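# Residue-level structural notes
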Amino acid sequence: MTTPLHDEPVAARVVTETGRARVVLVHEPGAELLSALLWPEEGSFATTFDSDMAGREHRVYCEALADRDIEVITVREALRGLGGLARRAAPLLRYEAHEGGSPPPDPEEIAERLGFRDVVRILLEHPVVVSGPVTNDPTLVSRPLSNLYFTRDPLITTDRGVVLGRFKRPVRRPEVEVMRLVLEALGVDPLYEVVEPGVLEGGDFVPAGDYALLGVGARTNLEAVRQLTTGPGAAALGYAFLAVVRDPEQGPALLQQQMHLDTYFSIVGERVCLVEASRIGIGVPGTPGGRIPRVDVYAKVPDGEDYRPVPGATGLAFPDFLRDHLGMQLVPLTFEDQDMYGCNVLCVRDMAVLGSTGRDQELVHDRQLWEYGRSLAAAGVEVELLDFSEIRKGYGANRCMTQVLVRD
């Protein structure tokens, strides 16, 4: 059953990051954030923030997308159009009864009586209702999907359709199941799903026309590369080339700060990209070239679906690959710009992006903000910065919060 938003299934397809965005999937953060807000280090957030304000920032972002004739689909809107949602949510509702207490109710019967909002809360919060040993007063324990608003991560949209990923952190793996339901509601059949021991997160995938780039580092591994270069996984991609970008930085200090390829690199024009300067060998005193990724290029086998390494195109320096293989003009950003999510922009069309700023950036980094805008303008990139003072404290900005399902 497809969502009322669409009479026909969504034709999910992205050939290049710079195609005009037509349909995007987002999730406005809500009650499922609470545990991560109360203990941000355990919730993979940078710090505690105001979720009401974050929700308002997200709605303004969605309005900015809609103003550009981009159809914005939310997770909740999609789920509303899915039949049997309560029955599907029921297995996530669990009970733990103490001896002498009343027998627990049937989860499916309970879920069927709930309204849509509470059924969605079951999907997003995985509640466990525990009866008290003496008074039988129930206690609610949950394991919420606090990072679900980063809708780029659970899946990738290729030039042939959708591939479901697999998170490295177990706490985020249930997000894939929510996205499976969303895709079903939109009439999108995933072409492949990465399986154990592979891990693949959407922030490591960047489509670029004949090429697709796949980052390997803190959150995506070589087993995922194997799965996407052979067999049914390879058949989910039609790109002539797959470029595997191996990140030399694996240290704990960078797991969040530069956890994905799209945190330090972004294609914003057919021949223009943003890249944090140290990743192309600029401004790293004492460690020249130490943070430069290496690229291995694979090509589609003629008359087949698998990918094979291209002779002489293994271990390429990242900047050389960008210039020689993609023909890119590189716009280097300072570490401060990158740290303020300067690479994590959404390309809405060729040479036009939506980015973010915040009160901390405006007060502390006025000069960097001005330099950042000047750098993009000098490259001919049109940029609009939205106030994400609260929402990006969850370690992500525009691109992380947006799964583009359709680009022209």
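A few points on the structure.

Calculation notes
Residues numbered from 1 in each chain as written. Predicted model: local features only at pLDDT ≥ 70, side-chain atom pairs only at ≥ 80, totals over all residues. Heavy atoms only, no water. Helix = DSSP H or I, 4+ residues; strand = E, 2+ residues; numbered from the N terminus. Rg over C-alpha atoms; globule rule 2.2 N^0.38 Å. Buried < 20%, exposed > 50% of the residue type's maximum accessible area, 1.4 Å probe, protein only. Polar contact = N/O pair within 3.5 Å; in protein donor to acceptor, adjacent residues only side chain to side chain. Contact = heavy atoms within 4.5 Å. Pairing = 2+ DSSP bridges. Axes fitted to C-alpha atoms, helices over the stretch in contact; angles between N-to-C directions. Core = buried A, V, L, I, M, F, W, Y, C linked by side-chain atoms within 4.5 Å. Patch = residues over 30% accessible without salt bridge, like charges linked within 9 Å, V, L, I, M, F, W, Y side chains within 5 Å. Areas by Shrake-Rupley, 256 points an atom, 1.4 Å probe, with all protein chains shown as cover. Salt bridge = Lys/Arg side-chain N within 4 Å of Asp/Glu carboxyl O. Lys, Arg positive; Asp, Glu negative; His and termini not counted. Charge placed at Lys NZ, Arg CZ, Asp CG, Glu CD. Phe/Tyr/Trp six-rings, centres within 6.5 Å; stacked < 30°, edge-to-face > 60°. Lys NZ or Arg CZ within 6 Å of the ring centre and 35° of its normal.

This brings us to the overall build of the chain. A count of helices and strands for the chain gives 14 helices and 21 strands. In summary, the chain has a C-alpha radius of gyration of 22 Å against a globular reference of 22 Å for 408 residues, a match within 12%. With the principal axes as the frame, the chain shows a C-alpha extent of 70 × 55 × 40 Å. The 408 residues of the chain split such that 55% are buried.

Quick look at the side chain of T220 now. Turning to its location among the elements, T220 is positioned in the loop between strand 10 (211-216) and helix 8 (222-229). Here T220 falls in the buried class, since its relative accessible area comes to 1%. Engagement of the side chain of T220 in a polar contact is seen with the side chain of D204, the distance being 2.7 Å. Setting aside residues no more than four positions away along its own chain, T220 makes contact with V199, L200, E201, D204, L214 and G215.

Let's shift gears to the sheet that holds strand 5 (residues 139-141). If you trace the three strands from one edge of the open sheet to the other, you get 3-4-5, paired in mixed fashion. Two strands lie at the open edges of the sheet, namely strand 3 (94-96) and strand 5, each paired on one side alone. When the angles between neighbouring strand axes are averaged without regard to direction, this sheet yields 25 degrees. As judged from the three bridges shared by strand 4 (residues 128-130) and strand 5, these two strands associate in the antiparallel manner. Looking at the pairing, V128 lines up with V141 of strand 5.

Core analysis: the biggest nonpolar cluster contains 37 residues, and L79, V182, L186 and L405 have the highest contact counts within it. If you list the elements that add at least two residues to this core, you get strand 1 (21-26), helix 3 (75-80), helix 4 (85-89), helix 6 (116-125), strand 7 (162-164), helix 7 (174-185) and strand 21 (403-407). At seven residues, helix 7 tops the list of elements feeding residues into this core. Those residues in contact with V182, other than ones at most four positions away along the chain, are L25, V75, A78 and L79. With 30 residues, the next largest nonpolar core counts L65, L346, A352 and F388 among its residues.

Our next topic: a nonpolar patch on the surface. A contiguous nonpolar surface patch, about 390 Å² in accessible area, is contributed by L34, L38 and W39. Residue position: W39 is located in the loop between helix 1 (34-38) and helix 2 (51-66). The exposure class assigned to W39 is exposed, which follows from its relative accessible area of 54%.

It is worth spelling out helix 6 at this point. Because each turn of an α-helix spans 3.6 residues, side chains separated by three or four positions end up pointing in the same direction. Listed in full, the buried residues belonging to helix 6 are V119, V120, I122, L123, L124 and E125. Each element contacted by the buried residues of helix 6 is listed here: helix 3, helix 4, helix 5 (107-113) and helix 7.

Right, let's get into unusual backbone geometry. Following E196, the chain continues to P197 via a peptide bond in cis, the omega torsion being 10 degrees. Relative to the assigned elements, P197 resides in the loop between strand 8 (192-193) and strand 9 (205-208). Unusually for a residue other than glycine, D303 sits at a positive phi of about 60 degrees. The residue D303 is located in the loop between strand 14 (294-300) and strand 15 (307-309) in this model. Backbone geometry at Y395 places phi at a positive 75 degrees, although glycine is not the residue there. One can find Y395 in the loop between strand 20 (382-387) and strand 21.

Together, D106, E108, E109 and E112 line one region of the surface with negative charge. Assessed through its relative accessible area of 48%, E112 is described here as partly exposed.

Overall, the coordinates contain nine aromatic pairs when judged by the stated rule. On the basis of an interplanar angle of 35 degrees and a centroid distance of 4.2 Å, the ring pair of Y149 and F150 is categorised as tilted. Measuring from centroid to centroid gives 4.7 Å for Y211 and F241, while their planes differ by 20 degrees, and the two rings are stacked. Of the two residues, Y211 sits in strand 10 while F241 sits in strand 11 (residues 241-246), which places them 30 residues apart along the sequence. With a relative accessible area of 27%, F241 lands in the partly exposed category. Here a set of aromatic residues connected by ring pairs shows up, and it is made of F45, F49, Y149 and F150. Residue placement shows R279 over the ring face of Y264; its charged tip is 4.0 Å from the ring centre.

Within strand 14, six of the seven residues are buried, leaving the element largely enclosed by the surrounding structure. Taken together, the six bridges between strand 11 and strand 14 define a ladder with antiparallel strand orientation. Looking at the pairing, R246 lines up with R294 of strand 14. Sheet topology note: the strand 14/strand 16 (residues 316-317) ladder contains two bridges and is antiparallel. When the sheet's bridge partners are listed, V295 is paired in strand 16 with L316. Where strand 14 and strand 15 come together, three bridges link them in antiparallel fashion.

A few words on the environment of T157. As for its placement among the helices and strands, T157 is situated in strand 6 (residues 155-157). Overall, T157 belongs to the buried group, its relative accessible area being 4%. A sequence separation of 148 residues divides T157 from E305, and the C-alpha atoms of the two residues are 17 Å apart. When neighbours within four sequence positions are excluded, T157 is seen to be in contact with A12, R13, V14, V162, F205, Y239, Q403, V404 and L405. Of note is the side chain of T157, whose polar atom sits 2.8 Å from the side chain of Q403.

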